[in-house]
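Tertiary structure, described
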Amino acid sequence: TEVQHQLLGGLSMTAGYYRNWSGNFRVTDNLAVGPSDFDEYCITAPADPRLPGGGGYPVCGLYDLSPARFGQVQNLVIQADTFGEQKRVSDFVGVTMNSRFASGARIGGGVDTGRTVTDNCFVVDSPQQLQFCRQTMPFAAQTQVKIFGSYPLPYDFSVSGVFQNIGGPNIVATYNVPNSAIAGSLGRNLSACGTRAVCTATAAVPLIEPGLLWEERKTQVDLRLTRLFNLGSRARLQANVDIYNLLNTNAIQGVNGVYGAQWLQPSGSASSSPGAIVDGRLVELSGTLRF
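Being a predicted model, the structure only gives us computed values, none of them experimental. (Residues numbered from 1 in each chain as written. Predicted model: local features only at pLDDT ≥ 70, side-chain atom pairs only at ≥ 80, totals over all residues. Heavy atoms only, no water.)

1. Some remarks on the packing of aromatic side chains
Under the definition given, this model contains two aromatic pairs. Taking the centre distance of 5.4 Å and the plane angle of 80 degrees together, the rings of Tyr175 and Tyr259 count as edge-to-face. Note that Tyr175 is positioned in strand β13 (residues 174-178) and Tyr259 in the loop between β17 (236-244) and β18 (282-290), a separation of 84 residues in sequence. Here Arg227 stacks its cationic end above the ring of Phe157, 5.2 Å away from the centre of that ring. The ring of Phe229 has Arg227 lying over it, and the distance from NZ or CZ to the ring centre is 4.4 Å. (Phe/Tyr/Trp six-rings, centres within 6.5 Å; stacked < 30°, edge-to-face > 60°. Helix = DSSP H or I, 4+ residues; strand = E, 2+ residues; numbered from the N terminus. Lys NZ or Arg CZ within 6 Å of the ring centre and 35° of its normal.)

In structure tokens, the structure reads:
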């Protein structure tokens, strides 16, 4: 639902509420196993000041398949509502303004914010599916602020720019826990160990609830200076100087979610990989010739 209205001469506003929901989900059910074939265990999160509360907290609701059923697979793709209700619902609100002045200047922008809830709190095979089965991407993480404008200058110059502030990536921590840290709580080795005397198997355990921690927001400013040249009566040249990331922000766009030595590194590498961090300040020269 949207409403658009002219507030003043040259000033308009658009406001909208947007809701979307998804259904008809499918899941894969391993017919060879059931919830009763899994044994529960707990682990203790590592002591780490970067973890909530400094770490050291118990993580329970973890399950391992019994050795007798390990490796047995008979998959069936089936509707999720056979087991329970699965849903994903998003509610968003957006407000934008657009204005034009007699001088030829223009300015506009808006705020867009919303919340997304994903819920699949039912068990297909492993009861561990109930861990963090309801996840919420909050308003703060999905709020975007964007402003754009242009202003004519003397001698056929003009300047324009874009400001944007958007949320950072979600921080997760998947801890590959060794069998030695699990066997005491589980009462046996992980089923992946089999009959090996020395087991090197691990289990992937989430240490942080998805949607709980986020990287810093990204703020970026881009500018353009333009000059028009009339080349006779039938040709025109538009010359541009663009400056991207004027403030030279180094916001992280992707972060390593595997807990360990490289955890929280941009995009999972010790040094930034392409796209992991916003590109540094860039100056570009360009032009358009019309004839």
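Now, onward.
2. Topic: the side chain of Asn165
Locating Asn165 in the fold gives a position in strand β11 (residues 157-166). Overall, Asn165 belongs to the buried group, its relative accessible area being 15%. Within the structure, Asn165 has its side chain in polar contact with the side chain of Thr219 (distance 2.6 Å). With sequence-adjacent residues up to four places away left out, Asn165 is seen in contact with Thr143, Gln144, Val145, Arg217, Lys218 and Thr219. (Buried < 20%, exposed > 50% of the residue type's maximum accessible area, 1.4 Å probe, protein only. Polar contact = N/O pair within 3.5 Å; in protein donor to acceptor, adjacent residues only side chain to side chain. Contact = heavy atoms within 4.5 Å.)

3. Overview of the pattern of salt bridges
Per the counting criterion, the structure on display carries seven salt bridges. Among the ionic pairs, Arg69 bridges to Asp37, the shortest N-O distance being 3.6 Å. Of the two residues, Arg69 sits in the loop between β5 (58-65) and β6 (75-79) while Asp37 sits in the loop between β3 (26-30) and β4 (38-44), which places them 32 residues apart along the sequence. Classification of Asp37 by relative accessible area gives buried; the value is 16%. Note that Asp64 is salt-bridged to Arg188, the shortest N-O span being 2.9 Å. Taken together, the positions of Asp64 in strand β5 and Arg188 in the loop between α2 (183-186) and β14 (202-206) put the pair 124 residues apart, joining distant regions of the chain. On the accessibility criterion, Asp64 (11% relative accessible area) is buried. The network of salt bridges with shared partners includes Asp39, Asp64 and Arg188. (Salt bridge = Lys/Arg side-chain N within 4 Å of Asp/Glu carboxyl O.)

4. Brief notes about the side chain of Thr249
Checked against the element boundaries, Thr249 lands in the loop between β17 and β18. When sequence neighbours within four positions are dropped, the list of residues in contact with Thr249 reads Thr219 and Val278.

5. Brief notes about the state of the cysteines
Summed over the entire model, instances satisfying the criterion amount to three disulfides. Residue Cys121 pairs covalently with Cys133 via a disulfide, S to S 2.0 Å. When the S-S torsion is 90 degrees, as for the bridge of Cys121 with Cys133, the disulfide is right-handed. Of this pair, Cys121 sits in the loop between β8 (106-119) and β9 (134-137) while Cys133 sits in the loop between β8 and β9, placing them 12 residues apart in sequence. By relative accessible area, Cys121 is classed as partly exposed at 37%. When its relative accessible area of 10% is taken as the criterion, Cys133 is described as buried. The connectivity of the disulfides in the chain is 1-2, 3-4, 5-6, where the numbers refer to bonded cysteines in sequence order. (Disulfide = S-S within 2.5 Å.)

6. With respect to the environment of Thr219
Following the sequence through the fold, Thr219 ends up in strand β16 (residues 218-230). For Thr219, a relative accessible area of 24% gives the class partly exposed. Thr219 sits 32 residues away from Ala251 along the chain, and the two C-alpha atoms are 7.8 Å apart. Ignoring anything within four residues of it in the chain, the contact list for Thr219 reads Phe163, Gln164, Asn165 and Thr249.

7. A look at the environment of Thr288
With respect to the helices and strands, Thr288 occurs in strand β18. Residues Thr288 and Asn240, spaced 48 residues apart in sequence, show a C-alpha to C-alpha distance of 8.6 Å. Ignoring sequence-local partners within four residues, the contact set of Thr288 consists of Arg236, Leu237 and Gln238.

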